[in-house]
Amino acid sequence: MTAAAEAGLRRILAVVDLLIDAVDEEPLVPALLPLLLGAVPGDSIIWSPRAGSADRPLTLPAGLLTPDVQAAFAREAAADSLVTHTTLGSGVPMRRSTLQTRTEFHALAAYADVYRPFGAEQQLAMSFPAGYAAGLPRKVCVAINRSGSDFSDDDVAAAALLRTRLSRVLHRLAPPTPPPSPVTHRESAVLALLARGLTNQQIAHRLAISPRTVDKHLEHAYAKLRVSSRVEAANAWLTRDQAAVRLGP
């Protein structure tokens, strides 16, 4: 392995080490951006938390996108093939030069209004599934910019390697919210006592209801939890995310 390849590998491993230890997305991304910019060298990086949305992107250097540039991007992005690739296409790492010639790039309205102001003569962009936000699947877009030479095949390969790991970690940090269980308050109370090992008679005595009523509550709860026995119901109740359980009337 050449010295340059070894240095590149060390930069990638630094990113991976940070991802392995990540427990919270909010402090992760600001710490991640300089490492990504080192692993795939460029002059600046843009991290858009929901590709194609109006959410404010994070950048390094900070403040890279002025309000005027962001407004111009919102107007003109639809005509940009690299943006289309990251928002609607596969999102695999892609050099702008793979999609269009320099002349075609400079002819875009977005070039004069968006890219030229911060020196993005060369770009490498990608997007990837990144868990969930507000209950909906989320897609993050990352663009690395250079004012000089184009990105190499090694840069594209490094971005592809990191893309997989970024997606995996963000899925872990932002998992889907478990669907709520439509159990009633009374069914919840019965299940809680069932999970503690009480018999139907003991549950009935504790809740001041009849054993037959306990049976009815369990019959309804079994259907809602998609189980068929006391043991399955107890296990399902104990392993649920209680904060996500919706209690009916």
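Below you will find a few notes about this structure. Just so it is clear, the model here is predicted, and its values are computed rather than measured.

So, about the sheet that holds strand S5 (residues 136-146). The five strands are arranged S2-S1-S5-S4-S3 in an open sheet whose pairing can be described as antiparallel. One side of each edge strand has no neighbouring strand; the edge strands of this open sheet are strand S2 (58-60) and strand S3 (94-95). Where strand S1 (residues 44-48) lies against S5, five bridges are found, and the strand directions are antiparallel. Residue pairing in the sheet places Ile46 in a bridge with Ala143 of S5. Against the sheet, helix H2 (residues 25-39) engages S1, S2 and S5, with an angle of about 150° to S1. Packing against the sheet, helix H8 (residues 153-173) makes contact with S1, S3, strand S4 (122-133) and S5, and its axis sits at approximately 15° to S4.

A separate point is unusual backbone geometry. At the junction of Leu60 and Pro61, the peptide bond is cis and its omega measures out at 0° in the coordinates. Position of Pro61 relative to the elements: it lies in the loop between S2 and helix H3 (67-76). Positive phi outside glycine occurs at Arg226, with the angle close to 60°. Given the relative accessible area of 79%, Arg226 is considered exposed.

Turning our eyes to something else, we now look at the packing of helix H9 (residues 185-195) against helix H10 (residues 200-207). Between H9 and H10, the least distance of the axes is 10 Å, while the angle of their chain directions is 130°. Classed by the angle they form, the pair H9 and H10 counts as oblique. Crossing handedness for the pair H9 and H10: right-handed. Contacts from Arg186, Ala189, Val190, Leu193 and Leu194 in H9 reach Ile203, Arg206 and Leu207 in H10.

Turning our attention to H2. The end-to-end C-alpha distance of H2 is 20 Å, a good match for the 21 Å that 15 residues give at a rise of 1.5 Å each. Along H2, the residues classified as buried are Glu25, Leu28, Val29, Leu32, Leu33, Leu36, Leu37 and Ala39. Its side-chain oxygen placed 3.1 Å from the backbone nitrogen of Glu26, Asp24 serves as the N-cap of H2.

Now for the environment of Ser81. Of note, Ser81 is situated in helix H4 (residues 81-87). Here the alpha-carbon distance between Ser81 and Phe105, two residues 24 residues apart in the chain, equals 9.5 Å. Apart from the residues lying within four places of it in its own chain, the contact partners of Ser81 are Leu99 and Gln100.

This next bit is on the packing of H2 against H8. Each packed pair of helices is defined by two parameters, the angle between the axes and the distance between the axes. Between H2 and H8, the least distance of the axes is 13 Å, while the angle of their chain directions is 175°. By the angle between their directions, the pair H2 and H8 is classed as roughly antiparallel. Mapping the contact onto sequence places Glu25, Leu28, Leu32, Leu36 and Ala39 in H2 and Ala158, Leu162, Leu166, Val169, Leu170 and Leu173 in H8. Here the residues of the contact of H2 with H8 sort into ten nonpolar, no polar and one charged.

Basis of the calculations
- Residues numbered from 1 in each chain as written.
- Predicted model: local features only at pLDDT ≥ 70, side-chain atom pairs only at ≥ 80, totals over all residues.
- Heavy atoms only, no water.
- Pairing = 2+ DSSP bridges.
- Helix = DSSP H or I, 4+ residues; strand = E, 2+ residues; numbered from the N terminus.
- Contact = heavy atoms within 4.5 Å.
- Axes fitted to C-alpha atoms, helices over the stretch in contact; angles between N-to-C directions.
- Buried < 20%, exposed > 50% of the residue type's maximum accessible area, 1.4 Å probe, protein only.
- Parallel < 35°, antiparallel > 145°, perpendicular 65-115°, else oblique.
- Left-handed = near helix turned anticlockwise from the far one by under 90°.
- Expected span 1.5 Å × (residues − 1).
- Polar contact = N/O pair within 3.5 Å; in protein donor to acceptor, adjacent residues only side chain to side chain.
- Nonpolar A, V, L, I, M, F, W, Y, C, P; charged D, E, K, R; others polar.

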